[in-house]
Amino acid sequence: MAIVNVALGERSYDILIESGSLDRSGALLAKYARKGRLVVVTDDNVAAAQLPRLDAGLRAAETRIAPILLPAGEQTKSWHHLEQLLDALLALEIERGDHVIALGGGVIGDLVGFAASILKRGCHFVQVPTTLLAQVDSSVGGKTAINAKAGKNLIGSFHQPAFVLIDPTTLDSLPDRETRAGYAEVVKYGLIDDAEFFAWCERHGGDLLAGDPEARTRAIERSVRAKAAIVADDERETSGRRALLNLGHTFGHALEADTGFSDMLLHGEGVAAGMALAFRYSARLGLCSAGDAERVTAHLKSVGLPHDLSSAHVTADGPTLVGHMLHDKKMAAGTLPFLLARGIGQTFLSKDVALSDVAAFLDEERAA
Ligand code: NAD
Ligand code: GLY
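Residues numbered from 1 in each chain as written. Chains lettered and ligands numbered in written order. Predicted model: local features only at pLDDT ≥ 70, side-chain atom pairs only at ≥ 80, totals over all residues. Heavy atoms only, no water.

### Regarding the environment of F163
(1) Moving on: In this fold, F163 is placed in strand β9 (residues 163-166).
(2) Moving on: For F163, a relative accessible area of 9% gives the class buried.
(3) Moving on: Taking the C-alpha atoms as reference points, F163 and Q127, separated by 36 residues in sequence, lie 6.5 Å from one another.
(4) Moving on: The residues touching F163, leaving out its near neighbours within four places in the chain, are Y13, D14, L16, L28, L29, Y32, F125, V126 and Q127. (Helix = DSSP H or I, 4+ residues; strand = E, 2+ residues; numbered from the N terminus. Buried < 20%, exposed > 50% of the residue type's maximum accessible area, 1.4 Å probe, protein only. Contact = heavy atoms within 4.5 Å.)

### Some words on unusual backbone geometry
(1) Moving on: The backbone of E62 sits at a positive phi, close to 55°, despite the residue not being glycine.
(2) Moving on: Its location among the elements puts E62 in the loop between α3 (51-59) and β4 (64-70).
(3) Moving on: Residue K120 is not a glycine yet carries a positive backbone phi of 50°.
(4) Moving on: Mapped onto the elements, K120 comes out in the loop between α5 (106-118) and β6 (124-129).
(5) Moving on: The class of K120 is partly exposed, set by a relative accessible area of 40%.

### Things to note about the packing of aromatic side chains
(1) Moving on: Applying the stated criterion to the full structure yields six aromatic pairs.
(2) Moving on: Geometrically, the ring pair formed by F197 and W200 is stacked, given 5.6 Å between the ring centres and 20° between the ring planes. A residue pair is termed a helical-turn pair when its members lie 3 or 4 positions apart in one helix, as F197 and W200 do in helix α8 (residues 195-209) at three residues.
(3) Moving on: Judged by relative accessible area, W200 falls into the buried class, the value being 4%. (Phe/Tyr/Trp six-rings, centres within 6.5 Å; stacked < 30°, edge-to-face > 60°.)

### Let's talk about the site of ligand 2
(1) Moving on: Near ligand 2 the following residues occur: D137, K143, K227, E237, R242 and L245.
(2) Moving on: Contacts to ligand 2 include D137, whose side-chain N or O atom sits 3.0 Å from a nitrogen atom.
(3) Moving on: Here K143 contributes a side-chain N or O atom positioned 2.8 Å from an oxygen atom of ligand 2.
(4) Moving on: Against a free-state accessible area of 190 Å², the protein chains account for coverage of 87% of ligand 2.
(5) Moving on: Across the shell around ligand 2, the residue classes tally to one nonpolar, no polar and five charged. (Near = heavy atom within 4 Å. Polar contact = N/O pair within 3.5 Å; in protein donor to acceptor, adjacent residues only side chain to side chain. Areas by Shrake-Rupley, 256 points an atom, 1.4 Å probe, with all protein chains shown as cover. Nonpolar A, V, L, I, M, F, W, Y, C, P; charged D, E, K, R; others polar.)

### Here's the deal with the sheet that holds β6
(1) Moving on: Strand order in the open sheet made by the seven strands is β1-β2-β9-β6-β5-β3-β4, with mixed pairing throughout. On the outer flanks of this sheet lie β1 (2-6) and β4, each paired with one strand and no other. Strand-to-strand twist across the sheet, computed as the mean angle between neighbouring axes with direction ignored, equals 20°.
(2) Moving on: With seven bridges joining them, strand β3 (residues 37-43) and β4 adopt parallel strand pairing. What sits directly across from D43, in β4, is L70.
(3) Moving on: Where helix α4 (residues 79-91) meets the sheet, its contacts fall on β3, β4 and β5 (99-104), and the angle it forms with β4 comes to roughly 160°.
(4) Moving on: Against the sheet, α5 makes contact with β3, β4, β5 and β6, and its axis sits at roughly 165° relative to β5, the strand it touches most. (Pairing = 2+ DSSP bridges. Axes fitted to C-alpha atoms, helices over the stretch in contact; angles between N-to-C directions.)

### Considerations on the site of ligand 1
(1) Moving on: Among the 25 residues in the neighbourhood of ligand 1, the closest are listed as D43, K77, G106, T131 and S173.
(2) Moving on: V107 is positioned such that a nitrogen or oxygen atom in its backbone is 3.1 Å from an oxygen atom of ligand 1.
(3) Moving on: Within the side chain of T131, a nitrogen or oxygen atom sits 2.6 Å from an oxygen atom of ligand 1.
(4) Moving on: In isolation ligand 1 offers 870 Å² of accessible surface; the protein chains occlude 89% of this area.
(5) Moving on: Elements represented by at least two residues in the shell around ligand 1 include exactly α2 (44-49), α5, α6 (132-138) and β8 (151-158).

### Quick word on the side chain of E235
(1) Moving on: Considering the arrangement of structural elements, one finds E235 in the loop between α9 (213-233) and α10 (249-258).
(2) Moving on: Side-chain polar atoms of E235 contact the side chain of Q160, separated by 3.0 Å.

Everything listed here is a matter of coordinates, which is why it stays silent on function.
Structure follows, in structure tokens:
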């Protein structure tokens, strides 16, 4: 068992990582109940696969669940479902001091976190992430959001959870493709500033994806420690350190937009291809070696993740893809900061990338 603290003064909280911890939810989560009742928000898939475990654990501590079920999928991060969720929470008479449990992937975590941040001017929430992406990234750090017509995650808040409970065994029911997509975010931590962890991923990424419990737990713990340190240092992404977590996301956003934010390319898959593109673009600029860019590409390819435009099912030309980037929420004062690399584990934020050059690079990638 590991406990990682996110050190944020009065907003500090613990992240507990332990296989089987969902089955002891009575001991870990019953304290968040009021009058023996805990409100749990989840989606249809997770309700079928994991809610019975949470329910049994809580019953053992004489705590009953009031479940709120939402449809699975990115479309649930919408005004419509936010309103539905807020109405359901109000009907259950949630008070400001209460805790709401978010059981699910990044969609449920982002939506419940946002609802909790505005319900009665803010109530508490606990994250129980059940996808690899949510366990290593979205459940930690307090970014909450829904999507707008103008783009993804454009309406949201910073609202830290009170506690995060990670049970790696919940991944046993997660479809392989979702696990692989989440693995891209694990690799990201190595590429940002931990070359030794990237080398570990090269050696053990295949084991993790095959469900090896030790590799899985180790990767989750290392990722969570990396994210907790970054969030503690730059909670609101003001110093630039937290922005490093967006490695691969600007290219990835363009690829996701081009595939209509559909199942054709999952978020983590877009990030994987985006990281490979960021490294190859860095090599083209002479910032990092071609060998490092090739290592990144080769690893992503070896685990079956998209690593270029064609494996991401993207056919658009460079200017079209750059056009998508301009709608990215990372645009600031008319410029688009880019995450580039001087090598594996040496990512940095560059504010002077010429978008016409990025378009030319993407056209070269398209022709390759
Ligand atoms: P998701 O929440 O849609 O989950 C993926 C699919 O897996 C869904 O169909 C879900 O029902 C199913 N599922 C979840 N857990 C399961 C389990 N244990 N067993 C069986 N099925 C399960 O997607 P995601 O990849 O977890 O999250 C993506 C979202 O996260 C995006 O909206 C993205 O914007 C957001 N995100 C937020 C942050 C942040 O810092 N807040 C960071 C990264 C991504
Ligand atoms: N996933 C990016 C962040 O939390 O800042």
